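# Descriptive analysis of the structure
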Amino acid sequence: ALTPSAAPRGQAALTPGELRPGDIVVDAEHGVGRLSGLELVEQGEAPVECLALEYAGGRKLLVPAAEIDRIWRYGSEAAEVGLDRLGGGEWRERKAKVEAQLEATAARLLELVRQRQNASAPALTPPNAAYRRFAARFPFTETEDQSRAIEATLAELARGAPPMDRLVCGDVGYGKTEVALRAACAAAL
């Protein structure tokens, strides 16, 4: 993050961080600009540190450092980005277009979730003897967490629940593959 550092009165400095002078940034209200640095602005008894943003046509916007949460680094190379005009309509238009695209994407994702929830799969219960022979070939005793993951996965397969999204987390060597192989065995048998 951009962090003001101690500097002589009237001069502001930036310490190394996520934002640096010259970075292309996005201000939530004004769009794409270039961070030129920090400036101290006299306001009452105490100066206020502001981020100086440059926009197309050389116009400048000063944003109080306390409002840095409304500014973020643009995710592309500076040479590939045009600056917005301060007070122009292109930022509002682009922002509205992106918001509409996000809403459409969210609607598609919700529809996919509904379809998955309404889908059914065949109940997969492996023959007990064949499954036990397969499981007996694993050389290690399951951990408590691994046993719970295996039981939950096999129970879900036996229910014929909608397509499964299951994330099994663990350190290297703690049996994640064995959980997956047991589920694959249940499906294959």
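What counts and what doesn't
- Residues numbered from 1 in each chain as written.
- Predicted model: local features only at pLDDT ≥ 70, side-chain atom pairs only at ≥ 80, totals over all residues.
- Heavy atoms only, no water.
- Axes fitted to C-alpha atoms, helices over the stretch in contact; angles between N-to-C directions.
- Helix = DSSP H or I, 4+ residues; strand = E, 2+ residues; numbered from the N terminus.
- Parallel < 35°, antiparallel > 145°, perpendicular 65-115°, else oblique.
- Left-handed = near helix turned anticlockwise from the far one by under 90°.
- Contact = heavy atoms within 4.5 Å.
- Nonpolar A, V, L, I, M, F, W, Y, C, P; charged D, E, K, R; others polar.
- Buried < 20%, exposed > 50% of the residue type's maximum accessible area, 1.4 Å probe, protein only.
- Pairing = 2+ DSSP bridges.
- Polar contact = N/O pair within 3.5 Å; in protein donor to acceptor, adjacent residues only side chain to side chain.
- 1 Å grid on protein atoms, 1.4 Å probe; cavity = no way out; pocket = protein on both sides within 12 Å on 5 of 7 lines; lining within 4 Å.
- Points joined across faces, edges and corners; volume = space filled by probe spheres on them.

## Points about the packing of helix α3 (residues 144–159) against helix α4 (residues 176–188)
In contact at an axis separation of 10 Å, α3 and α4 are set at 25 degrees when each is read in the N-to-C sense. Regarding the angle of α3 to α4, the classification is roughly parallel. Crossing of α3 over α4 shows right-handed handedness. Taken together, the residues of α4 that come into contact with α3 (itself represented by Gln 146, Ala 149, Ile 150, Thr 153, Leu 154 and Leu 157) are Glu 178, Val 179, Arg 182, Ala 183 and Ala 186. For the contact of α3 with α4, the class distribution of residues is seven nonpolar, two polar and two charged.

## Details of the pairing of strand β3 (residues 24–27)
Alternating positions in β3 separate into two faces, Ile 24 and Val 26 on one and Val 25 and Asp 27 on the other, with burial throughout. Judged from the four bridges that link them, β3 and strand β4 (residues 31–43) form a sheet pairing that is antiparallel. Within β4, the position partnered with Val 26 by the bridge is Val 32. Where β3 hands over to β4, the hairpin turn is made up of three residues, counted between the paired strands. Bridging between β3 and strand β7 (residues 71–73) involves three bridges; their strand directions are antiparallel. What sits directly across from Val 25, in β7, is Arg 73.

## Some remarks on the sheet that holds strand β6 (residues 60–64)
Overall, antiparallel pairing links the five strands, which are arranged β6-β5-β4-β3-β7 in an open sheet. Two strands bound the open sheet, and with one partner strand each, they are β6 and β7. Mean inter-strand twist for the sheet, computed between neighbouring axes without regard to direction, equals 45 degrees. Summarising the sheet, β4 and strand β5 (residues 46–54) pair through nine bridges and their orientation is antiparallel. Its bridge partner lying in β5, Leu 38 is registered against Leu 51.

## A closer look at the side chain of Arg 70
Secondary-structure assignment places Arg 70 in the loop between β6 and β7. A distance of 2.8 Å separates polar atoms of two side chains, one belonging to Arg 70 and the other to Asp 27.

## Here we look at the layout of surface pockets
Summary: where empty space remains is shown by rolling a probe the size of a single water molecule over the atoms. The calculated volume of the largest pocket comes to roughly 180 Å³. Taken together, 13 residues line the largest pocket, and the ones lying closest to its centre are Asp 145, Gln 146, Ala 149, Val 168 and Cys 169. When residues in the lining of the largest pocket are grouped by element, the largest group, three residues, is from α3. Class assignment for the residues of the lining of the largest pocket results in six nonpolar, four polar and three charged. In terms of lining residues, the second largest pocket is bounded by Thr 153, Leu 157, Met 164, Arg 166, Val 168, Lys 176, Val 179, Ala 180, Ala 183 and Ala 187. Of all the elements in the fold, those that place two or more residues in the lining of the second largest pocket are α3 and α4. Of all the elements, α4 adds the most residues to the lining of the second largest pocket, at five residues. Residues of the lining of the second largest pocket, tallied by class, amount to seven nonpolar, one polar and two charged.

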